[in-house]
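Structural overview for review
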Amino acid sequence: MASIKLQKIVFFDEGKGQVKSGSATIVANNYSSDVRGKTTHPKIEALGRVLYLSKDRKSGIFYSVTRGVVEYDLLNDEFSEVSPDDERISHTDFRAELYNHVNFGNIYYFLAFASLQGYLELLRQTFWTENDTHGGQGIYEKALCHVMHTVMKNKALCACDEFYRTSLLSYITETIKPRELASDSSYFYDLGTRDFKLRFFRNYIRHMRKTNPSFGIGCYIDSTPLRGDAKFNPFNAFSSHGEDKPVKQTRLVLIIDRATGKPVWYEFICGNVLDMSTIEPVGRTLKISFDIDLKELVLDAGYAECPELYEKFNADEDLKEENEESARPVTTQAVDPAISAAEQEDKNLLIVRMPAKDDFPFAECYDSNKGILFDPVYEFVRGEHTYFGIRSEKTMTIKGHAEYCYTYLDKDQSLALNRSYRAKNPDRWNNLTDDEKRWLAVKDGFFVLISNSKLSAEAMLDLYFKRVDIEAVFKTGKEYLDILPVAKWNKERVEGKILNDMISLILYTDIRSAIAEFEIGVPRMLNQLTALECTRGIGENNDLIAVGTPSKQIKEYFSKLGVRICGHMNISQIKDVVLKGTTLEELELLAHKKVRKNKSSSAKITVRIPTTAEQRQKESEERKKKKAKQKGSQKQ
């Protein structure tokens, strides 16, 4: 059986059980015939400073070095949380000190990265500006907390308010109460009812163009279904796009910069709206709001039936000249697609996959090239696949306009899938005609691209294949950031949630790029960083935090950013980075100087770091000497 061992208890109000000073330890009561007195009392756990004791001394509230301010019940051997407003500890300064060790590594890494990359300033400009009637410090701090929670939760069940309370964020924000983060509805509503989306992307594009002036000129456009769980989601509509059967869904239309693979803009529409009807309004929004004139589009087959595309992107002027140049690709020369596209500065570029429909020359492209599909002269290799590729000798008419057609065959894919088909359907294969067999042998690897640009077949395929960047963005958003499902039924809240997720997606993908050399995923790295905790000083040192000892791996993560982890930091200075835009370099210098000043001063520094037995003995001797001097001066 265990008991609570009390030492040097001094009550503040014994009737209420409020304790002024003293310590407590949980000890075991073990009987032993080999020990004098027959019992031993080995230590189980130090409860630390006593703040409150029950009348039977079997329970109380303690300030533990390892647990923070907690309540312990000896009879049930249970620890429980203590409310900041608990009257039993109203006589102490510990009402706000409920969490002792809090997560430091993941929060500080995110803030350091966001500060160095300019994202903190970008978020401040979006959500919090002087004399701003739309935003303010409160919405800025909420946005920062929700974005960080979205990036770091990794599908965990930890709610945003719990994430906030157990992390460095609880020390460096000024306007947030944890209960406000328990529900995200009001936050999403604020984001959806104001012009934050437009403001964020204006600031974001301006930020990106500081280092890349052509950001947003060449884009990939695609849409993905957002399965809606909410019954009354206003954007839900029945659609079978990407599904085996009609389901209610909302569609997210994403515009990705071709050169960087980063989002430029997004829209979300009802599930039954066709892809081709989104291009014109998206282009108009980008032109009016951001002065971006889309000159390069790489699209999937769903957009090919939009006639307006070919009015703006066509090769009609090439009809004035006879095109007698051979269409044979240059297989001995490496082609840089970025250079090829840049050579056409004054000409818009369109690449779209041709659907296999009667109103497109899909069958004509197959018939005219089926005799040379396996001619090695037209082969080239990309990755682990061998391709046939050729450009049409002359332009072909698509929706009334002249365009070039590029015919391709992925030989490895067609061979593998045809082999599987024949193994599963031997009788059906044997009953096919020769022409049907020839077509089925290449069907699964055969495709045609439409373009207004006259490039080699290799260069055109390279440009089109970079479109996988947008698929990677979709995949990241769905798998890691829980961008699905859209479990909101209010229009404004749907818009607010998607904006929060898109901001999180931009930061997540940038962090992933920054740590690529470590060959580790973002969730795993952030999980490793949570092992680095910090503790907060008390009393006059409430502004000081002591940071734990970082592992070698954690040091490498911060070293990659060029950031040093100080042993002690001032909360007020970290606040300056988050709230005032102080640079990280200034923070490191100031924190280091401040700690040195504090250490050299005569004021006592109380930081929550366990002391050794030798240190405690030395401190005890110093206190005894101090008391002896005081008694001597009183006698005189």
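Residues numbered from 1 in each chain as written. Predicted model: local features only at pLDDT ≥ 70, side-chain atom pairs only at ≥ 80, totals over all residues. Heavy atoms only, no water.

So, on to the sheet that holds strand β7 (residues 68-73). Judged by pairing direction, the sheet is antiparallel, and its six strands sit side by side in the order β1-β2-β5-β6-β7-β8 without closing on themselves. The outermost strands of the open sheet, each flanked by one partner alone, are β1 (2-13) and β8 (78-81). Averaged over all adjacent pairs, the angle separating strand axes in this sheet is 35 degrees, with direction ignored. In this sheet, strand β6 (residues 59-64) lies alongside strand β5 (residues 43-53) in antiparallel orientation, the contact comprising four bridges. Bridge assignment links valine 50 to a residue of β6, and that residue is phenylalanine 62. (Pairing = 2+ DSSP bridges. Helix = DSSP H or I, 4+ residues; strand = E, 2+ residues; numbered from the N terminus. Axes fitted to C-alpha atoms, helices over the stretch in contact; angles between N-to-C directions.)

This part is about the packing of aromatic side chains. The relative placement of two aromatic rings is captured by the distance of their centres and the angle of their planes. For the coordinates displayed, the defined rule picks out 26 aromatic pairs. Ring geometry for tyrosine 72 against phenylalanine 79: centres 4.7 Å apart, planes inclined by 40 degrees, an arrangement best described as tilted. We classify phenylalanine 79 as partly exposed; its relative accessible area is 27%. Members of the aromatic cluster, connected to one another through ring pairs, are Phe200, Phe201, Tyr204, Phe215, Trp265, Tyr266 and Phe290. (Phe/Tyr/Trp six-rings, centres within 6.5 Å; stacked < 30°, edge-to-face > 60°. Buried < 20%, exposed > 50% of the residue type's maximum accessible area, 1.4 Å probe, protein only.)

Attention now goes to the sheet that holds strand β22 (residues 544-547). Sheet architecture is open: four strands sit in the order β9-β21-β22-β23, paired in antiparallel fashion. Every other strand in the sheet has two partners, leaving β9 (102-103) and β23 (568-570) as the edge strands with one partner each. With two bridges connecting them, β9 and strand β21 (residues 533-536) associate as antiparallel partners. Considered in β21, the bridge of asparagine 103 is made with glutamate 533.

Bringing the packing of helix α6 (residues 185-193) against helix α17 (residues 491-514) into the picture now. For the pair α6 and α17, interaxial distance at closest approach is 7 Å and the crossing angle is 90 degrees. The angle between α6 and α17 places the two elements in the roughly perpendicular class. Seen from α6, the contacting residues are Ser185, Tyr187, Phe188, Tyr189, Leu191, Gly192 and Thr193; seen from α17, they are Glu492, Arg493, Glu495, Gly496, Lys497, Leu499 and Asn500. For the contact of α6 with α17, the residue count by class is five nonpolar, five polar and four charged. (Parallel < 35°, antiparallel > 145°, perpendicular 65-115°, else oblique. Contact = heavy atoms within 4.5 Å. Nonpolar A, V, L, I, M, F, W, Y, C, P; charged D, E, K, R; others polar.)

Time to look at the packing of helix α1 (residues 105-116) against helix α18 (residues 522-529). The geometry of α1 relative to α18 is characterised by a closest axis approach of 7 Å and an angle of 120 degrees between their N-to-C directions. Taken together, the axes of α1 and α18 are oblique relative to one another. Residues Gly105, Asn106 and Tyr109 of α1 form the contact with α18, whose participating residues are Met525, Leu526 and Leu529. Residues belonging to the contact of α1 with α18 are distributed by class as follows: four nonpolar, two polar and no charged.

Along its 14 residues, helix α12 (residues 411-424) runs 20 Å from first to last C-alpha, staying within 8% of the 20 Å computed at 1.5 Å per residue. Every buried residue belonging to α12 is among Lys411, Ser414 and Asn418, and all of these are buried. An end-on view of α12 places all buried positions within 65 degrees of arc, on one side of the element. Turned more than 90 degrees off the buried face of α12, the exposed positions are Arg419, Ala423 and Lys424. (Expected span 1.5 Å × (residues − 1). Arc of directions from axis to C-beta.)

The next point concerns the pairing of β6. Of all six residues in β6, six are buried, a share of seventy percent or more. Residues Ser59, Ile61 and Tyr63 line one face of β6 and the alternating positions Gly60, Phe62 and Ser64 line the opposite face, and both faces are buried. Between the end of β5 and the start of β6, which pair antiparallel, lie five residues, with arginine 57 showing a positive phi angle near 60 degrees. Alignment of β6 against β7, held across six bridges, turns out to be antiparallel. If you follow glycine 60 over to β7, its bridge partner there is tyrosine 72. Count of turn residues in the β6/β7 antiparallel hairpin: three residues.

In terms of nonpolar packing, the biggest core is built from 140 residues, with Phe104, Tyr109, Phe110 and Leu309 touching the most fellow members. At ten residues, the largest contribution of residues to this core is made by α17. Dropping the residues within four chain positions of it, phenylalanine 110 is found in contact with Leu144, Val147, Met148, Val151, Met152, Leu507 and Ile511. One finds Val19, Leu53, Phe62 and Leu74 within the second-largest nonpolar core, a separate group that totals ten residues. (Core = buried A, V, L, I, M, F, W, Y, C linked by side-chain atoms within 4.5 Å.)

Here the focus is the pattern of salt bridges. Summed over all chains, the structure comprises 20 salt bridges. Among the ionic pairs, glutamate 267 bridges to lysine 197, the shortest N-O distance being 3.6 Å. Placement of the pair is glutamate 267 in strand β13 (residues 263-270) and lysine 197 in helix α7 (residues 196-208), with a sequence separation of 70 residues. On the basis of relative accessibility, which here comes to 24%, the residue glutamate 267 falls in the partly exposed class. We note a salt bridge from arginine 382 to glutamate 458, for which the minimum N-O separation is 3.3 Å. Of this pair, arginine 382 sits in strand β16 (residues 379-382) while glutamate 458 sits in helix α15 (residues 457-465); the two residues are 76 residues apart in sequence, bridging distant segments of the chain. Taken together, the shared-partner salt bridges connect Glu71, Asp86 and Arg88 into one network. (Salt bridge = Lys/Arg side-chain N within 4 Å of Asp/Glu carboxyl O.)

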